[in-house]
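Residue-level structure breakdown
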Amino acid sequence: MSDNQSWNSSGSEDDIEPKEEPGHPVGVADLSGVLSKWTNYIHGWQDRWVVLKNNTLSYYKSQDETEYGCRGSLCLSKAVITPHEFDECRLDISVNDSVWYLRAQDPEHRHQWIDSIELHRADSGYGSESSLRRHGSMLSLTSATSGYSATSTSSFKKGHSLREKLAEMETFRDILCRQVDTLQKYFDGCADAVSRDELQRDKIVEDDEDDFPNTRTDGEFLHNNNGSKEKLFQSLSPKGINGIDFKGEAITFKATTAGILATLSHCIDLMVKREDSWQKRLDKEMEKRRRIEEGYKSALNELKKKSHFGGPDYEEGPNSLINEDEFFDAVEAALDRQDKIEEQSQTEKTRIQRSSPVPPGDVYSSTGTHRFSDKPHSQSPPALLVSAPPHDVHRFSTEVEDMVQSHMTYSLQDVGGDANWQLVVEEGEMKVYRREVEENGIVLDPLKATHSVKGVTGHEVCHYFWDTAYRNDWETTIENFNVVETLSDSAVIVYQTHKRVWPASQRDVLYLSAMRKILANNENDPDTWLVCNFSVDHENAQPSSRCVRAKINIGMICQTLVSPPEGDKEISRDNILCKITYVANVNPGGWAPASVLRAVAKREYPKFLKRFTSYVQEKTAGKPILF
């Protein structure tokens, strides 16, 4: 058996691998726990029970549902694990076109999951060190050395100086081989002569034990009895041996070996220099390859991101992958869909109202009592809030009073002068103004709208705006709301979440809503009612990661103007006019392009005012007037 065969067939301790079944790594622990998984732009992040086992990542809706089968799984052999650049708790796992966006509860848990996933991938046999070690043991020494020799020789073929030195080495080798052959023949001849000499001596001793030959100076042995000159055997000088200049051969041998050593030294120097040159070229090629690989990875990541439009990276934020124009178009499209749904809902509601008979007793006269009327109306108005009792005191009373005074002082001021109000919408009696204000990149534009509505009083408008019982009838942007605390008959704390408009994040608001009647200074002043909504904090409605908490300061001031009826007629709704001043200061929180926020405000506020005032006119039509 040859050395190569022995190498290939013999095993070593390094080649002995633990037996593994496919997909069952040895010594890698399984991992399971709760991770937040991005579902879609409607539901956002949802907690899921994730299990890492047998080089496969699976998820379930909860730990209790593991026995019913997973909802999805990924084989990690070819998976790409990418820790998020900005979110320290997030990791993305992609296999081809499938991407899972996951979030751990803290950075430490994210590192734990990434390390466990990498261990499973490394031990799965796909490009792992153990698989390379198993396949590498089949390589032979001959193939390794022959490949290395071929590479080394071809690497230096272009070197002229090195080629000359190699030719010198070839010449020295031939000379040295001839000298070795000559010296070997000389030593072989010497050995043969010694053997023949010993045989000849033994023969002479046996033939004549009494007589001893005399040795002549010429090296020949003669027998003493007959005195004849007889050449018994030659001395150690066979043919060809005495002709060798042993000293000269030794000197030449020494010179040849010295030349070989010198040439080898020169070759080593040349190879070291050549190695430096090739190392520089290799470094340049590696740097070039690194840049190309980085460019490829970057292009691949961009392609993957574009192919998964709608993921969490396309939400609002300063690092959002969606540009401002695309953000604007997406918001416009989402608002258009909401408008279409609202229109269909309103049409269906109108159809139902027309088909339903009006119950008796629900039809009221359109007249009411006022200081211009001579006699009170016989039918009492519904039990609506008239004003806040003087003794109504709660822990936010001071804040409410300050807010009421602020709105009465500044909200009714004229929009002219140095206030820098810009008229952005004008539709009939309604005008909407805006002042552009930004703070830390967040749009905080105050809005002010004025509107005149016939047939309703300021008390009625404020009542329907304040009372949460009617909120869902006219407010279409709210997803849900609840009264967190009732402070008094005229003040409540409300928590409400607004419908999400993708790609903007969902917003929620916690605010105190209070309604007040403003006492007139003289009888000629119009009746004035006010509703103020401003953000507060409450222990039962803390901010959450699900929504972005917005801050608001809103005031609606309603003044009732009455024109005297002709003659002795009672005041009807044709004689009243409500002048509305609506002021809104909103900090949306989070981040969104300024152009988008301003465009949405310009579009939505006029629609809100028209929708709300039309609702109040519809609710009060045919009912007694409430001053």
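Scoring rules and cut-offs
Each residue is numbered by its place in its chain's sequence as written, counting from 1. Local features in this predicted model are restricted to residues whose pLDDT is 70 or higher, and side-chain atom pairs enter the listing and the counts only when it is 80 or higher, whereas totals over whole chains, interfaces and linings include all residues. The side-chain figures draw on all heavy atoms in the structure; neither hydrogens nor water molecules are used. When DSSP finds at least two bridges between two strands, those strands are taken to pair. Only DSSP runs of H or I with at least four residues qualify as helices, and only runs of E with at least two residues qualify as strands; both kinds are numbered from the N terminus onward. Between N-to-C directions, angles cover 0 to 180 degrees, with each direction set by a line fitted to C-alpha atoms, over the stretch in contact for helices. Here, a disulfide means two cysteine sulfur atoms that sit within 2.5 Å of each other. Classification of residues uses two cut-offs on accessible area relative to the type maximum, computed with a 1.4 Å probe and protein chains only: under 20% is buried, over 50% is exposed, and between them is partly exposed. What qualifies as a polar contact is a pair of N or O atoms within 3.5 Å, subject to a donor-acceptor requirement within protein and to the restriction that residues adjacent in sequence count only when both atoms come from side chains. By definition in these notes, contact holds between two residues if any of their heavy atoms fall within 4.5 Å.

Examining the sheet that holds strand β3 (residues 56-60)
Taken together, seven strands build an open sheet; the order of strands is β4-β3-β2-β1-β7-β6-β5 and the sheet is antiparallel. For this open sheet the edge positions go to β4 (72-75) and β5 (80-83), each flanked by a neighbour on one side alone. The mean inter-strand angle of the sheet, taken between neighbouring strand axes irrespective of direction, is 35°. Strand direction decides the pairing type here: β5 and strand β6 (residues 90-95), joined by four bridges, are antiparallel. By the bridge assignment, Pro83 is partnered in β6 with Leu91.

Section: the state of the cysteines
Under the defined criterion, the tally for this structure stands at zero disulfides. With no disulfide partner, Cys462 has as its closest neighbouring cysteine sulfur the one in Cys558, 3.6 Å distant. Relative accessible area serves as the criterion here: at 0%, Cys462 is assigned to the buried category.

Description of the side chain of Arg549
Relative to the helices and strands, Arg549 is located in strand β19 (residues 548-549). Given a relative accessible area of 15%, Arg549 falls into the buried group. One polar contact links Arg549 to Asp508, side chain to side chain, over a distance of 3.0 Å. Separated by 3.4 Å, the side chain of Arg549 and the backbone oxygen of Gln542 make a polar contact. Among all residues touching Arg549, those that are not within four sequence positions of it are Tyr495, Asp508, Val509, Leu510, Ala541, Gln542, Pro543, Pro588 and Gly589.

A few points about the pairing of strand β1 (residues 31-38)
The buried count for β1 comes to six of eight residues, which makes it a mostly enclosed element. The pairing of β1 with strand β2 (residues 45-53) spans eight bridges and is classified as antiparallel. Among the inter-strand pairings, Ser32 is bridged to a residue of β2, identified as Val51.

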